[in-house]
Amino acid sequence: QVQLVESGGGLVQAGGSLRLSCAASGLPFRIYVVGWFRQAPGKEREFVAGISWTGHITSYADSVKGRLTISRDNAKNTVSLQMNGLKSEDTAVYYCAAVNTIGAPPLTYREYDYWGQGTQVTVSS
């Protein structure tokens, strides 16, 4: 049974930092591309960041470039999202997702096969 479990969300003031983690089990994690998505109330789920199998290819939404950093540890089956300089518009439920594909992380949520339950990030201004 495949499981992706996010953690690390919470309430933070604008300008602050959070580190999200995604722990995977039940799949050969090292050959899965992982993406982070977020969804705010009334909005579509949007791509935030993604990372290839080896971690050599990363992608970021323009809105988070320079503030968020995605990384992975295949030995521990985890992917992390370091979030610095948080803004109120970053408030959303954050999801990690995985797909067995080659190359750069897909940018649309429909291309991912497995999803976590989400973790809430709230940034107060």
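Note: the structure precedes this text.
Residue numbers run consecutively from 1 along every chain, following the written order of its sequence. Totals for whole chains, interfaces and linings use all residues, but because this is a predicted model, local features are given only for residues with pLDDT of at least 70 and pairs of side-chain atoms are given and counted only at 80 or more. As a convention, hydrogens and water are excluded, and side-chain values are obtained from all of the structure's heavy atoms.

### Concerning the environment of Glu89
Mapping Glu89 onto the fold places it in the loop between strand E8 (78-83) and strand E9 (92-99). Burial status follows relative accessibility: with a 1.4 Å probe on protein chains alone, a residue under 20% of its type maximum counts as buried, one over 50% as exposed, and anything between as partly exposed. Accessibility expressed as a relative area gives 53% for Glu89, which makes it exposed. When the C-alpha positions of Glu89 and Thr122 are compared, they lie 9.1 Å apart, and in sequence the two are 33 residues distant. Here the side chain of Glu89 touches Ser88 through a polar contact of 3.2 Å, side chain to side chain. Each helix is a run of H or I in the DSSP string that is no shorter than four residues. Each strand is a run of E no shorter than two, and both are numbered from the N terminus. Two N or O atoms form a polar contact when they lie within 3.5 Å of each other; inside protein one atom must be a possible hydrogen donor and the other a possible acceptor, and for residues adjacent in sequence the pair counts only when both atoms belong to side chains.

### Examining the side chain of Glu6
Locating Glu6 in the fold gives a position in strand E1 (residues 3-7). Buried within the structure, Glu6 lacks any salt-bridge partner; its nearest side chain of opposite charge belongs to Arg45, at an N-O separation of 7.6 Å. A polar side-chain atom of Glu6 sits 3.0 Å from the main-chain amide nitrogen of Gln117. Only 2.9 Å separates the side chain of Glu6 from the backbone nitrogen of Gly118, close enough to count as a polar contact. Not counting the four nearest positions on each side in its chain, Glu6 is found in contact with Ser21, Cys22, Trp36, Tyr94, Tyr95, Cys96, Gly116, Gln117, Gly118 and Thr119. Positive residues here are Lys and Arg, negative ones are Asp and Glu, while His and the chain termini are left out of the count. We define a salt bridge as a side-chain nitrogen of Lys or Arg found within 4 Å of a carboxyl oxygen belonging to Asp or Glu. By definition in these notes, contact holds between two residues if any of their heavy atoms fall within 4.5 Å.

### Some words on the nonpolar core
Here, nonpolar core means buried Ala, Val, Leu, Ile, Met, Phe, Trp, Tyr and Cys residues that are tied together by side-chain atoms lying within 4.5 Å of each other. Ranked by internal contacts, the top residues of the largest apolar core, which has 29 residues, are Trp36, Val48, Val79, Leu81, Met83 and Tyr94. Listed by contribution, the elements that provide at least two residues to this core are strand E3 (18-25), strand E4 (33-39), strand E5 (46-51), strand E7 (68-73), E8, E9 and strand E11 (119-124). Residues Val33, Phe37, Ala97 and Tyr112 belong to the second largest nonpolar core, which totals six residues.

### As for the side chain of Ser52
If you trace the backbone, Ser52 turns up in the loop between E5 and strand E6 (58-60). Beyond its immediate stretch of four places on either side in the chain, Ser52 contacts Val33, Ile57, Arg72, Gly103 and Pro105.

### Focus on the pairing of E4
The element E4 is largely enclosed, with a buried count of six among its seven residues. Pairing geometry for E4 and E9, over seven bridges, is antiparallel. What sits directly across from Trp36, in E9, is Cys96. Pairing between two strands requires that DSSP report at least two bridges joining them. By the bridge criterion, five bridges tie E4 to E5 in an arrangement that is antiparallel. Bridge assignment links Val34 to a residue of E5, and that residue is Ile51. Counted along the chain from E4 to the antiparallel partner E5, the turn is six residues long, and its residue Gly42 has a positive phi close to 80°.

Remember that the coordinates give geometry; whether it matters functionally is a separate question.
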